[in-house]
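Residue strings, one per chain:
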Amino acid sequence: MSLALIVMLPFIGALFPALLLRAGRNACATATFTFSLAAFILLIFQAPAVLQGETLHASWQWLPKLGLAVSFMLDGLGLLFAGLILGIGLLVIFYARFYLSKQDNMGSFYTYLLLFQGAMLGIVLSDNILLILVFWELTSLSSFLLIGYWKHLPAGRQGARMALTVTGAGGLSLIAGLMLLGHIVGSYDLSVMLQHRELIQSSPLYLPALLLILGGCFTKSAQFPFHFWLPHAMAAPTPVSAYLHSATMVKAGIFLLARLWPVLSGTPEWFYLVATTGLITMLVAAWIALFKDDLKGLLAFSTVSHLGLITLLLGLGSPMAAVAAVFHIINHATFKAALFMNAGIVDHETGTRDIKQLGGLWHLMPITATLAMVAAASMAGVPLLNGFLSKEMMLEQVAHTAWLDQPWLMAIIATLAALCSVAYSFRYIVHVFFGPQRHDYPDHPHDPPLGMWLPPAILVCLVILIGLFPQTFAGALVASSAKAVIGGALPEYHLAIWHGVTPALWMSVIALIGGLSLLAGYRKVRSAWEAGPHPDAKAMFQVWIKGLVQLAQVASHGLHNGSLQRYLAWMVGAAVVVGYGAFMNSSLSAGSRELLPAHPTAIAAWLLLILGCLLTVWLHHQRLLALIMVGVIGMVVCVGFVYLSAPDLALTQISVEVVTVILMLLALNVLPKTTPKESGFGRKGRDILLATSAGVGIATLVWAFLTRDFTTLSDYYLAESLPGGGGTNVVNVILVDFRGFDTYGEITVLGIAALLIFALLDGALHGGSAAKRLAQWLPDQARAADRHPLMLVVAARVMLPLALLVGVFIFLRGHNVPGGGFIAGLVVSVALIMQYMASGFGWAAQKIRLDYHAMIGSGVLLAGLTGIGSWLFGYPFLTSSVLHLDLPALGEIHIASAMFFDAGVFSVVVGATMLALSQLSQIGRRAEALPVNQAAMDCDPSHPLQKDPSWKP
Amino acid sequence: MNHWLIMPIVLPAVLGPLLIMLGCIDHVLARILSLAGCVALIAISVGLLQQADSGPQTYALSAWVAPFGILLVLDRLSAVMLVLTAVLATVVLLYAMAGWDRRGRHFHALYQFQLMGINGAFLTGDFFNLFVFFEILLIASYGLMVHGGGADRLRAGVQYVIVNLVGSTLFLIAVGLIYSVTGTLNMADLALKVPQVSSDDLALLQVGALLLLLVFGVKAALVPVHFWLPDTYAQAPAPTAALFAILTKVGAYCILRLYVLAFGAQAGASAWLAQEWLLPAAMVSLTLGLVGVLAAKRLGQLASFSVIGSMGTVLTAIALFTPTATAAALYYMLHSTLAAAALFLLTDLVRERRGHHSDALTVAPVFAHRSLLAAAFFVAAIAMAGLPPLSGFLGKLLILQSAWPTPYAFDVYLAVLATALLGIIGFVRAGSTLFWKSTAQQGRIEAEGVSHSVLPWVAVGLLLSGIVALTVGAGGVHDYLSQTAQQLYQPQLYINAVLFPQGGQ
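Residues numbered from 1 in each chain as written. Chains lettered and ligands numbered in written order. Predicted model: local features only at pLDDT ≥ 70, side-chain atom pairs only at ≥ 80, totals over all residues. Heavy atoms only, no water.

1. Observations regarding the nonpolar core
Within the largest apolar cluster, 521 residues are counted, with the highest numbers of intra-cluster contacts made by Phe741(A) and Tyr259(B). Viewed by domain, this core spans two of them, domain 1 (267-465 + 503-532) and domain 2 (733-953) of chain A, each represented by three or more residues. Excluding anything up to four places from it in sequence, Tyr259(B) contacts Ala209(B), Leu212(B), Leu213(B), Phe216(B), Gly264(B), Trp272(B), Ala274(B) and Phe321(B). Counting seven residues, the second-largest nonpolar core is a separate cluster that includes Tyr717(A), Val733(A), Phe738(A) and Trp64(B). (Core = buried A, V, L, I, M, F, W, Y, C linked by side-chain atoms within 4.5 Å. Buried < 20%, exposed > 50% of the residue type's maximum accessible area, 1.4 Å probe, protein only. Domains from an automatic or database assignment. Contact = heavy atoms within 4.5 Å.)

2. A word on the domain arrangement of chain A
Quoted interface sizes are often the accessible area lost when the parts come together. Structurally, chain A comprises domain 1 (267-465 + 503-532) and domain 2 (733-953). Taken over C-alpha atoms, the centre of domain 1 of chain A sits 89 Å from the centre of domain 2 of chain A.

3. Here's the deal with helix α13 (residues 299-319) of chain B
Residues and elements named next belong to chain B. Here α13 is 21 residues long and its end C-alpha atoms lie 30 Å apart, about the 30 Å a rise of 1.5 Å per residue gives. Burial analysis of α13 places 20 of its 21 residues in the buried class, which makes it a mostly covered element. Phe321 occupies a position one or two residues after α13 and carries a positive phi of about 50°. (Helix = DSSP H or I, 4+ residues; strand = E, 2+ residues; numbered from the N terminus. Expected span 1.5 Å × (residues − 1).)

4. What to know about the interface of chain A and chain B
Counting from both sides, the interface comprises 108 residues of chain A and, opposite them, 117 residues of chain B. Across the interface of chain A and chain B, roughly 10300 Å² is buried in total on both sides, 77% from carbon and sulfur atoms. Between chain A and chain B we count four salt bridges in total. Here Lys65(A) and Asp479(B) are joined by a salt bridge, their closest N and O atoms 2.7 Å apart. Viewed at the interface, chain B and chain A are joined by 32 residue pairs in polar contact (both at pLDDT 80 or more). (Buried area = accessible area lost by both parts, 1.4 Å probe. Salt bridge = Lys/Arg side-chain N within 4 Å of Asp/Glu carboxyl O. Polar contact = N/O pair within 3.5 Å; in protein donor to acceptor, adjacent residues only side chain to side chain.)

5. Details of the packing of helix α6 (residues 151-182) of chain B against helix α8 (residues 202-220) of chain B
Relative orientation and spacing of two packed helices are given, respectively, by the angle between their axes and the distance between those axes. Residues and elements named next belong to chain B. Between α6 and α8, the least distance of the axes is 8 Å, while the angle of their chain directions is 155°. Regarding the angle of α6 to α8, the classification is roughly antiparallel. You can see that α6 and α8 cross each other, and the crossing is left-handed. In this structure, α6 uses Val163, Asn164, Gly167, Leu170, Phe171, Ile173, Ala174, Leu177, Ile178, Ser180, Val181 and Thr182 to contact α8, whose residues at the interface are Leu204, Leu205, Val207, Gly208, Ala209, Leu211, Leu212, Leu214, Val215, Phe216, Val218 and Lys219. When grouped by side-chain class, the residues that make up the contact of α6 with α8 number 18 nonpolar, five polar and one charged. (Axes fitted to C-alpha atoms, helices over the stretch in contact; angles between N-to-C directions. Parallel < 35°, antiparallel > 145°, perpendicular 65-115°, else oblique. Left-handed = near helix turned anticlockwise from the far one by under 90°. Nonpolar A, V, L, I, M, F, W, Y, C, P; charged D, E, K, R; others polar.)

6. Considerations on the environment of Ile467(B)
As for its placement among the helices and strands, Ile467(B) is situated in helix α18 (residues 455-472). Distance from Ile467(B) to Ile308(B), taken between C-alpha atoms, is 19 Å for residues 159 residues apart in sequence.

7. Concerning helix α31 (residues 714-725) of chain A
All names here are of chain A. Compared with the 16 Å implied by 1.5 Å per residue over twelve residues, the 14 Å span of α31 between its first and last C-alpha is markedly short. Every buried residue of α31 is accounted for by Tyr717, Ser721 and Gly725. Buried residues of α31, seen end-on, are gathered within an arc of 55° and therefore sit on one face of the element. Residues Asp715, Ala719 and Pro723 are exposed on α31 and point more than 90 degrees away from its buried face. (Arc of directions from axis to C-beta.)

Here you go:
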């Protein structure tokens, strides 16, 4: 439990700083400090057991099927890292309280810092590699926030984005690598995994897994060639740099290398990949660090170099090298954190971090200078300080290692790197604190308040103490963590200042003398350096990202250009490809059904249909003509239904056709009468090709299924229609009973469609740009002189009662012979529409007072309630039942529940049609700006001398 | 007779017409009714979720037996989808109640009809009935999409509806082809008939089935029939776009349902028919989606393309056609629905606070609630990009894990991981531009008409909490989804429940 608590405390604590900032900056910092301290104390309590060789475990299930568990483990390595994370974390929190200025939002700073701390602790204490992945990416995310903390500075934002992109990419690589590792072992538990060295190294997946894992580790730990993000992460406030780049973030990669060392190391692949990378990184970064004028830049590259050193040691694969690596992790963390804080102090007090503007600070800032000198000397590897000890161990290991059978190569490169390291370390001391005092510092330098120099001072004390008494102050920790890394017995070693005259000692001496002479001749070296090429990683990275984004934009916006024609072409094309592809992959034999002779009428209708289709395409720029052609097609289809003995369908088709054509005509009234020519020759060719192949495909399929016999559900419907459905008209029984639920859905669709027409046109009627356009609309066609012709009005009036009666008749007989609510609704609608057409909408609307919304609503509701009514009788939704009534005089009457349903259908159909009509005619009226006529027709025959005053020719 | 099974359809179907009539009278009443309906839907679907544990259950409409009548079928999969729909609908409705619902006519009625269509699609066991529900959800979604008007929105709406009507046409053609050789519209019955289709007729069946895949692909925004999505989602009113997060899942659900039930292991010559088409298309969708995220010039566009990407991820997992992959796909589906909805709502909050800068990913001064929106965007982006510790990451791990035993492991790993990087870069660029660069600008945007209602924040908060809950409770949720997948991959359970309720076969 306490293990989980150690990890959880920073996360819980992260809730408080932003909140407590309201109580002041001290409260905010204290809260942060307290949570970290609590975690640290908890850790210390566990320490004795761990140092004695115990490993603590705590585990909870999270996603067992995946193998993901919240399981923690505390062994020597975990203790070492957790100690660094929390220990240095405490110092950084303390330091930051004094570092941050009043303009900085301390709350969010500490929140991010605690999130980051928790994530780091998670990595080092996890006993499940998937859990490690979770925390791993969390450190990337939280460090993104930390690096970009000064979000108003471009450098901060760019640095943060770069860090997240590089470490995020590495994280993805790590995901793949660790999952491969898990697949090899069959478990994601680290403790289990560490037992299977043989299995892993003999697996064919070893190399891919290794490469992918190294991809993650090297990006995180800024190894060459992925080192470039780290220096730019220095745009962060200095406490962040001190934390991320000494003990935590960049050490995560190192940690994972150490964690997996028992199972991954020891192979030639490991040696050449890891040791070589470490070696190159160590040298290249040390060389670059020498020429960085920004204090933090110098420290950044030195960090990269030291990470290379540790990577190199881990890469060597020998137990002794692992001990050295662990020891250097401790030493580097102490002196580097101290140096970063030191650089922060210099920056804070002098207003600059540029070495060229500094120098001679020794007398102005004695405390700062002393601390810097000790820490930097340790970094250089000066004897009696901790940096010397581990560097010496490294050199010793390298001296005994051959690279590609070259016994001296590694030693020479390592010595060169150490030499540069001496040079840049002393440059930090000499060029900043010595030399003549200047008068042009941007600020007035003096030693900072205690709060800022105390944390580095504590670290510097450690540097000296470990340097002098390594066994006393670091021995136990090194032993226990090295044991965890090696996973077996420790080699013979002792941490001491004097090991005798060894090759390493000579290499150290060469590095020291060489480094100091390099610094002595700094100007010459510098000018030589400046003559050479300096690839700017940030610029390259930005160009690369910009290129990627532009590529994406060309691809994405080029493809999605907003052209409906293109989208439909893709869609039809896809259908053609899928259809033909499936057809070719499959088998089909010719149909066996006997072909019937074609009737001349059928052939004529067929030719008419084809002609209608071709003309629609041909004339589609002239909307009115195209609509008429569509009408022709509809009529032929209707005739086809009659020819094929489907009177219900024919009736429906013809009434739907009438209503839609009328509505479309109304809509076309205010639209341009022609459509623009948009397609060029090429696009037409493409469209013809697509349309032809789709058409040929469909024709083939239709031919294929019309020429074969097949069994369908029809027989059952024919048999059950009367006994089960209570009607002899199978089509109607299907519509209201067998598949009444479909009909229920479809009338809903119809109702919604009408509402939609209403809602869409409502916008055009009330305000908005559409309404303005409508008001400015000018009639683009000649107007008939008589808007409401006498003959039409009279005929429509006469027809009305007849049509209504026909509607009722069709409605009532529907269940047994062709008819039903749908057709009846359309017939009645047509009759009503005729009135509107004859006498104008405004006039007719005053006479017919129907709320079409209510008709639609109540129709759908009635149909639904009919369905629910079945529940009362214990039947499922929409089950039909027939009520037999014996009425006096009328005799026996059957009332089928289907009739109520059909009434709902009827109501929706009439309501929907009329609502659409009413909105469209209102648009027309608004466009033409005509008043409502007062009489039913243009001239009133009963008063032959009067004319409708509203009428104007 | 268990009438609860049809309630997810009937309840909104009754509320819809009521709202047509009442909505014109009083908008507060309409809001209360609509919200009550949604909350009731949550309760009902959670109840159904429990019922589904005892195996697939049916509801015979008009009391006709299968395959002659229409049957609704409830199994774990449909129950999960119902719960997801109800939860999403309720949260999004809260957002809409802050004002969007009054920017046009009949919002609440359309909203209920939309739910009726979605729930119907999840429950029906009949093809043609599925077509009908597709029509309902299409027409209602078109209404919601153009709600509030505006030239750009109408233009995108026209594209949306035309593309989907072409889809409907294809649907009819496909159903016709399948019916011509199997003589049935019932899905369970189809599953029995498919293996019996002789090699003489096979092409008709398979062309039909694959055209149907294309139709579902249109709904699920599968490349290359995804083109309608980016503009539609980016132009739609925020609540509509957020609710639409479930619409794409209808397509994914149908693919999962049909191609496991009827074209799965038992389908003989048509076994796993969809796989070789679906898998490459899904991986291209995934890639193209995240390329679009990287290329986005507006936040709405970014959110839209992230939907395409997440659908690509879901469909990739579905296309593996194994129970573990399907469980992973379902988990990712739950996650991506919530994440997408949250992104669309956040986009709207940003849009209305940035004045004429709207949601363009260009530098503009600071706007109201910048920090809060930045924090919420950070969380939503982490979720959508599939980064730890949120459910997107777990979902992706589950998918990778499930891909391992299949022959497509390498492709899936490459597609999922490589595109994740594009996502990271894209989201980081967007967030940095909107929330960070603005702090370096002079002045401050004071947009007019920013709603002071707390409801939008509640809605966003609920969605993000949902993601957190999915993460923390991943074990339990995934267990249920694994059982769901297991049930799905035993088609006999479904077939028996529909065709042989009294036992037999």
